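Descriptive structure summary
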Amino acid sequence: MICGYCQKVILRNLTVKEILFPWLLSDTELCSQCLRQFTPIQKDQACPRCMRSGEQDLCADCQRWQKQYPQRQFFHQALYQYDEAFANWLKEYKFGGDYRLRRTFQQQVRVALKGYRGFIICPIPLSQSRYQERGFNQTSAFLEASGVKTHTLLRRSSHDSPQSKKNRQERLALPQPYVLACSPELLIGKKILLVDDVYTTGRTLFHAADILWQHQPKEVRTFSLAR
Ligand SMILES: [Zn+2]
Ligand SMILES: [Zn+2]
């Protein structure tokens, strides 16, 4: 077994469950040193809607989204705090193009998404040009590495300069970049989980959700590795 981040071989004793059910054993997990770098979000110390850490009640971001989308129900789940360690990992994976790192959070994602049985899982799409430049969609890649079946419901029509180079106000003012990529009847009455790598302002996920909401899904939820 190797570490999904530093790629070192992990030596550890198997658990009883792993001995009894060896097929549950994955070939990649995080070594204890790498795992320790990341800070899991504590649900009881975070915004109940978006899991922003250090909030007691609905955070300012969620209050603004509620005002902008008063008819909509939204709930976001994130696994880790977007801190320096996560930013470093993302830099290597997404911007450095280290495709091996799609497996870093394999187990954590698999466990978390067990809570979304019956949901259609839709990764946030990249534009054609960004996809060609990066060679892979970082969100689809980590989902597939976790054994999650994904569906393409949206397409990104335009891609100007990367969001990561924009400040908060510029990000919030971005125009709707998504269009529907499936037949609209497919969405009626469905439960959909939109997945992104990071939730920063929420702009991306709300844009994507807004397209889906127009086609009478039962529910749209959102998920990211970090918040
Ligand atoms: Zn490691
Ligand atoms: Zn919030």
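This report concerns the structure included in the present document. Keep in mind that this is a model prediction, so the values were computed, not measured.

This part is about unusual backbone geometry. A negative phi holds for most residues other than glycine; trans holds for most peptide bonds. Positive phi, close to 70 degrees, is recorded for Gln7, a residue that is not glycine. Backbone geometry places Met51, a non-glycine residue, at a positive phi of 65 degrees. Met51 sits in the buried class, given a relative accessible area of 7%.

The subject of this paragraph is the side chain of Arg156. Tracing the backbone through its elements, the reader meets Arg156 in strand S5 (residues 154-156). Look at Arg156 and you get buried, because its relative accessible area is 13%. In this view, Arg156 contacts Pro125, Leu126, Ser127, Pro177 and Tyr178; residues no more than four positions away in its chain are not counted.

Before going further, it helps to examine the coordination of the zinc ion (ligand 2). The zinc ion (ligand 2) binds to the protein through Cys47 (SG), Cys50 (SG), Cys59 (SG) and Cys62 (SG), with metal-donor distances spanning 2.3 Å. Bound by four donor atoms, the zinc ion (ligand 2) shows angles of 103 to 117 degrees at the metal and therefore tetrahedral coordination geometry. We note that the donor set of the zinc ion (ligand 2) lies within a single chain, spaced as C-x2-C-x8-C-x2-C. Owing to a relative accessible area of 1%, Cys50 belongs among the buried residues under this scheme.

About the thresholds
Each chain carries its own residue numbering, running from 1 in the direction its sequence is written. The order in which chains are written sets their letters, starting at A; the order in which ligands are written sets their numbers, starting at 1. Since the coordinates come from a predicted model, pLDDT governs what is reported: local features require at least 70, and pairs of side-chain atoms require 80 or more to be given and counted, while whole-chain, interface and lining totals use all residues. Here the side-chain values reflect all heavy atoms present in the structure, with hydrogen atoms and water set aside. Only protein chains enter the calculation, and the probe is 1.4 Å; a residue is then buried if its accessible area is under 20% of its type maximum, exposed if over 50%, and partly exposed in between. A helix here means a DSSP run of H or I that spans at least four residues, while a strand means a run of E at least two residues long, and both kinds are numbered starting from the N terminus. Should any heavy atoms of two residues lie within 4.5 Å, those residues are considered in contact. Sodium, potassium and calcium take a 3.2 Å donor cutoff, other metals 2.8 Å, and in both cases only N, O and S atoms count; water is not among them, so sites may look incomplete. Only four donors with every angle between 85 and 135 degrees are called tetrahedral; only four or six donors with opposite donors over 155 degrees apart and all others between 65 and 115 are called square planar or octahedral, in that order; all others are irregular.

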